[in-house]
Amino acid sequence: MLPAVPLQSTQDILPLWAALAPSILLGLTAMVLFVIDSIKPEEASNALLAGVAGAGTIGAAAIAGWYLLAGTGTPETGGAISLYGGAIVVDGLSLFFTVIVGSVAAMVTVASYDYLQDQQHKAEFYSLVLLAATGMSLMGSANSLATVFVSLELASLPSYALVAYLKHNKGSVEAGLKYFLIGALSSAVFAFGISLVFAATGVLGLPAIAEALGDVSDLGGVAALGVLMIVGGFAFKTASVPFHFWAPEAYEGAPAPISAFLSSASKAAGFAVAFRVFAVAFPLEAIPAQVDWVLTFQILAVVTMTLGNFAAATQENVKRMLAYSSIGHAGYALIGLAAISADANNGATMGASMAHLFVYGFMNTGAFLFIALAEHWDVGRTFEDFDGFATHAPVAAAAMTVFMFSLAGLPPFGGFFSKYALFAAAVQSGFWWLAAVGAINSALSLFYYSRVVKAMWLNDASTSFEIERRPVGLYAAIVIAAVGTLLLLPAFGPVVETAQSAAAALF
Amino acid sequence: MIIEMLIAVAFVAALVVFVAPDEYAGKLAFALSLLPAVGSLYMWSGFDATGNALTGGTLAFAEQFEWFTLSGYEIQWLTGVDGISLPLVVLTTILTTLAIVSSWTPIDDRQSQFYGLMLFMEASLIGVFTALDFLMWFVFWEAVLVPMYFLIGIWGGPRRKYAAIKFFVYTNIASLVMFIGFVALVVATPVTTFALPEISQALRGGEIEGYLSLSAGALRTFAFAAMFLGFAVKVPVVPFHTWLPDAHVEAPTPASVMLAGVLLKMGTYALLRFNFTMLPDVAQAYAVPIAAVAVISVIYGALLALAQQDLKRIVAYSSVSSMGYVILGLVAYTTYGVGGATFQMVAHGLISGLMFMSVGVIYNVTHTRMVGDMSGIADRMPITAGIFVAGAFGYMGLPLMAGFAAEFFIFKGAFESTVLSFAPLFTAFAMFGIVIVAGYLLFAMQRTLFGPYEFADDDKYEVGPAALHDTLPLAVLLVLIIALGVAPNLFFGMIQDAVNPILQTGGGL
């Protein structure tokens, strides 16, 4: 156990801004990558770039993890650390999501080392990933609608470019354009929502909004409309209904490591900001009656998980199936916002959702990185193309089996406990029907996840492909993700307890 | 710590074998599987538990660690054995080692993956029989399915994919139903833990409240039904048995041995631990329908076996029949009934393992299992045929073999049951099953093993004595079966000691 370093109370050890060190480190790493690239634009070595990017992301995740263990920003050490006039806060929630974003970004950069072998503009790729990661980690810290919007855009703009990174590939460019157009639309809706809330309350800071909402007199309807539009902005970022339809296109067209990054880290960051905004700015006891965002999220959760699962079941393309499964998982995580009521233990529910996103960060990233490995070998895209894959690469196939069964929520893997915790929390808050819909969807999902497993292990190889080279970086990232998914079964306790106490601090 | 060491050794052995080269995988797996086998025998010799694990008895080799707290419920790593679970742990480790040896001949493809999965399954099975925290137990329970799915699906017969998926879907849905039933029960009980001993004692003490507008009584009945359904698929009892013949016929021989020998016992073990220990009053209230299901399983399973032409199908259906006896013993609620049922789990594990292995050895040589394709095999394979005959007599309940002791205990216990109405009638019907068993086994042996030697594919395959490493596991099993038949007290004493507390407060004795 690390020594407790309560930053707030012992400012003589570390300056206050050091609480933001993970985000700062991510941003600085992006700058360093630019510098390396501008010194030697033609011959910057892939290994150097990947090494710097990997070190930066691992460092950020490690610092955030250390702060989290040390109790930085928790009520025990003096509460959330407020910076820049309250526009940014560092507390358990922001650190928890920074750990998710940092570890996913680390796996993605390590895997990209091989994926980018034959591509140009490697430095831009890594620095865009780092910039997006900076934005995502700030999203968890944003405590004012202004910083929420800015960090959201900082995460989104590099993402658009990254999806279209394979610029000689039509699919990639098309996906980037679709992602950008829908992203721009949802940003506009989101910004308009912010302006409506501002019109009703006159403030942008999240705690201040909560105070002002108690007395909006006849502007309650305006505020309600604003909240609804803000929900739309989050739906885009988390790939939930009704702004989900960019996800299959973008995830399928994007380079597979970017699909992994967007579907795990970007989604988690979207939830981070949603959790904070709705728990702090629109708490149930303060909002006017017209602003029933809990009902909105209940509908969205049910529709999102059902739609994601049924659409995934009909896919023939594995990457697209994973994209829809990612929508389904957004639906499960939405339970954290849907199973909220005035008299329930909301911290436990939201914390369970955070813990699910944490486990999801490993298993889903691993699954998409497996696709990256398959693309690297030109295996093909449909389920049939994976026939007999296990005879060629048993270790990678075993890792993919772990991801698939864990995503389905089968018990010997981390995904079982995270789903169980989520549904149990929903039942305890009295929303047993949400848990029931989730459990039924989860049982159905085994159908399409097991198709991959069946193809890899049970079916005989129909087409033969040659494995010339076993990429070290991709393999390492996949194995790390698989080990993480397995270890999160015995180690789920600390994760869920940290998440639940971090979430409880918001209420 | 010895339980943790057994699980860890088997798990690490699985990883090692998984990456070992194919040529050595079988031998390496055998050598590594000896460690848990010896460890479990050491546990048997040092066994010092008294009473039942779930009714406040003292456990042997118990370990307890805080794991984490989830929505107010404490989840622990809680292991230990009592007189019910220890025999099953010993059965698991011994049968795994023998099944690994019996795989040397038939498994000639992707060996390291095969043996790795066998050892992974062993680790999970030990966990199932030793875990005493519900969530931890459930993790192991489900972890058993994954390797069995692959064992059937990769190394099975022509329809292996269908059989593997049917097995997986049936047992997974069953697990979900059971899980919901039990969790509903826990939520309605004033406990703050998933530790089975505490839940069991709270339930037996009647500390249950209504939940979701269900009264306490309705909830208990609902939970009992959900858990019974979930476990009945696993056992399996008629009418939930249809996955079993498919799985058995397609599975490679060693997987069949594990499936019939140990995996079916998971279902009866769980029935005993959950339904019959925690909710004895519900079990007794519905004793007649449960006994009816048991007797139907016995008779219908035996009749189905009578109609088969495939040796493996014959043995598979006879498992349905034998598991029916176990249910009958459980529902009787007498020391010989429940104790005999537990003894039958071990006895049937050994005997059905022996039968499947013998059929496998014959198949290795003849490449057919159809009764009509061969006759007079004893002429060419005298030792295998001899052991086959001995095993079949064990199945029929020949005195001084384990099957006799088990079935005798069950019939004695069921006959004198005070809880079950019409107990003598049910017992009499169930005993009729033995006649059918004798009928189909003798008939099948007469046609295949005896008579003049004839074999449909004589020009293709040379029929001769099996290799030593094929017959040795059979001989070991036969010795164990006779040993348990001559001295049932090797296990029966500890079983009775663990069973009696269930009955004392449950009202049977």
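Quick caveat: nothing in here was measured; it's all calculated off a predicted structure. (Residues numbered from 1 in each chain as written. Chains lettered and ligands numbered in written order. Predicted model: local features only at pLDDT ≥ 70, side-chain atom pairs only at ≥ 80, totals over all residues.)

Points about the overall build of chain B
Part 1: Looking only at helices and strands, chain B features 19 helices and four strands.
Part 2: Taking 2.2 N^0.38 as the reference for a compact globule, 509 residues should give roughly 23 Å; the C-alpha atoms of chain B span a radius of gyration of 22 Å, in line with that estimate.
Part 3: Taken along its principal axes, the extent of the C-alpha atoms in chain B is 70 × 55 × 40 Å.
Part 4: Expressed as a percentage of its 509 residues, the buried residues of chain B come to 63%.
Part 5: The contacts in chain B between residues at least 6 apart in sequence include a share of 79% that link residues at least 24 apart. (Helix = DSSP H or I, 4+ residues; strand = E, 2+ residues; numbered from the N terminus. Rg over C-alpha atoms; globule rule 2.2 N^0.38 Å. Buried ≥ 20, exposed ≤ 12 C-beta atoms within 10 Å, placed from the backbone. Contact = placed C-beta atoms within 7 Å.)

A word on the overall build of chain A
Part 1: When you go through chain A residue by residue, the secondary structure sums to 19 helices and two strands.
Part 2: For 507 residues, the compact-globule estimate of 2.2 N^0.38 gives 23 Å, and chain A sits close to it at 22 Å.
Part 3: C-alpha extents for chain A along the principal axes are approximately 70 × 55 × 45 Å.
Part 4: Each of the 507 residues in chain A was classed as buried or not, and the buried ones make up 62%.
Part 5: Contacts in chain A between residues at least 24 apart in sequence constitute 81% of all its contacts with a sequence separation of at least 6.

Some remarks on the confidence of the model for chain A
All names here are of chain A.
Part 1: Across chain A, the average pLDDT comes to 88, with 96% of residues at 70 or higher.
Part 2: Predicted confidence in chain A is weakest over helix H14 (residues 389–392), with a mean pLDDT of 85, and strongest over helix H5 (residues 145–163), with 94.
Part 3: Note on residues 1–12: pLDDT under 50 across the span, and 23 contacts to partners over four residues away in sequence or across chains. (pLDDT = per-residue confidence, 0-100.)

Focus: the environment of Phe 343 of chain B
Part 1: Structurally, Phe 343 of chain B can be placed in helix H14 (residues 335–366).
Part 2: Taking C-alpha positions, Phe 343 of chain B is 8.4 Å from Pro 87 of chain B, a pair spaced 256 residues apart along the chain.

A few points about the interface of chain A and chain B
Accessible area lost upon the coming together of the parts serves often as the stated size of an interface.
Part 1: Between chain A and chain B, the contact holds 22 residues from the first and 19 residues from the second.
Part 2: Breaking the side of chain A that touches chain B down by element, the ones donating at least two residues are helix H15 (394–408), helix H16 (414–428), helix H17 (432–458) and helix H19 (492–504) of chain A.
Part 3: Looking at the side of chain A that touches chain B, the element that brings in the most residues is H17 of chain A, giving six residues.
Part 4: Residues of the side of chain A that touches chain B, tallied by class, amount to 18 nonpolar, two polar and two charged. (Nonpolar A, V, L, I, M, F, W, Y, C, P; charged D, E, K, R; others polar.)

Observations regarding the pairing of strand E1 (residues 60–70) of chain B
Each regular strand displays side chains that alternate between the two surfaces of the sheet.
Residues and elements named next belong to chain B.
Part 1: Relative to strand E2 (residues 73–81), E1 runs antiparallel, the two sharing eight bridges. Among the inter-strand pairings, Phe 68 is bridged to a residue of E2, identified as Ile 75.
Part 2: Hairpin connection of E1 to E2: two residues between the antiparallel strands, including Ser 71 at a positive phi of 45 degrees. (Pairing = 2+ DSSP bridges.)

Considering unusual backbone geometry
Part 1: Cis peptide bonds are those with omega within 30 degrees of zero, and the linkage from Val 241 of chain A to Pro 242 of chain A qualifies with 5 degrees.
Part 2: Relative to the helices and strands, Pro 242 of chain A resides in the loop between helix H8 (220–237) and helix H9 (246–253).
Part 3: The amide bond that connects Val 238 of chain B to the next residue, Pro 239 of chain B, takes the cis arrangement and shows omega of 10 degrees.
Part 4: Counting through the fold element by element, Pro 239 of chain B comes out in the loop between helix H8 (216–234) and helix H9 (243–250).
Part 5: Of note, the phi angle at Asp 378 of chain A is positive, near 55 degrees, even though the residue is not glycine.
Part 6: Residue position: Asp 378 of chain A is located in the loop between helix H13 (346–376) and H14.
Part 7: With 9 C-beta atoms packed within 10 Å, Asp 378 of chain A lands in the exposed category.

Some points on helix H16 (residues 402–415) of chain B
Given 3.6 residues to a turn, an α-helix orients residues that are three or four positions apart in the same direction.
All names here are of chain B.
Part 1: With 14 residues, H16 extends 20 Å from end C-alpha to end C-alpha; this agrees with the ideal 20 Å at 1.5 Å per step.
Part 2: Along H16, 12 of the 14 residues are buried, which leaves the element largely enclosed by surrounding structure.
Part 3: Of the residues making up H16, those classed as buried are Ala 402, Gly 403, Phe 404, Ala 405, Ala 406, Glu 407, Phe 409, Ile 410, Phe 411, Gly 413, Ala 414 and Phe 415. (Expected span 1.5 Å × (residues − 1).)

Regarding helix H13 (residues 311–332) of chain B
Residues and elements named next belong to chain B.
Part 1: Taking 1.5 Å of rise per residue, 22 residues should cover 32 Å, and H13 covers 33 Å from first to last C-alpha, within 8% of that figure.
Part 2: Of all 22 residues in H13, 22 are buried, a share of seventy percent or more.
Part 3: Just downstream of H13 lies Tyr 333, where phi reads positive at about 55 degrees.

Section: the confidence of the model for chain B
Residue and element names in this part refer to chain B.
Part 1: Here chain B shows a mean pLDDT of 90. Residues at 70 or above account for 99%.
Part 2: Looking over chain B, one finds the lowest element-wise mean pLDDT in strand E4 (residues 454–455), namely 82, and the highest in helix H3 (residues 85–102), namely 95.
Part 3: In the model output, the complex is listed with pTM 0.88 alongside ipTM 0.83.

Some remarks on the packing of helix H12 (residues 318–338) of chain A against H13 of chain A
All names here are of chain A.
Part 1: Running from N to C, H12 and H13 point in directions that differ by 170 degrees, and their axes come no closer than 9 Å. By the angle between their axes, H12 is roughly antiparallel relative to H13. Within the contact between the two elements, H12 uses Val 318, Lys 319, Leu 322, Ser 326, His 329, Tyr 332, Ala 333, Ile 335 and Gly 336 and H13 uses Thr 349, Met 350, Ala 352, Ser 353, Met 354, His 356, Leu 357, Tyr 360, Asn 364, Ala 367, Phe 368 and Ile 371.
Part 2: Taken together, the residues of the contact of H12 with H13 break down into 13 nonpolar, seven polar and one charged. (Axes fitted to C-alpha atoms, helices over the stretch in contact; angles between N-to-C directions. Parallel < 35°, antiparallel > 145°, perpendicular 65-115°, else oblique.)

What about the packing of H9 of chain A against H12 of chain A?
The relative placement of two packed helices comes down to the angle between their axes together with the axis-to-axis distance.
All names here are of chain A.
Part 1: The interhelical angle for the contact between H9 and H12, taken along N-to-C directions, is 140 degrees, at an axis separation of 9 Å. Relative to H12, H9 is oriented oblique. Seen from above, H9 lies across H12 with right-handed handedness. Where H9 approaches H12, its residues Ala 247, Pro 248, Tyr 251 and Glu 252 are matched on the opposing element by Lys 319, Arg 320, Ala 323, Tyr 324, Ser 326 and Ile 327.
Part 2: Each residue belonging to the contact of H9 with H12 can be placed in one class, and the counts come to six nonpolar, one polar and three charged. (Left-handed = near helix turned anticlockwise from the far one by under 90°.)

Considerations on the environment of Ala 311 of chain A
Residue and element names in this part refer to chain A.
Part 1: Checked against the element boundaries, Ala 311 lands in helix H11 (residues 293–313).
Part 2: For Ala 311, a count of 19 C-beta atoms within 10 Å puts it in the partly exposed group.
Part 3: With 276 residues separating them along the chain, Ala 311 and Val 35 place their C-alpha atoms 44 Å apart.

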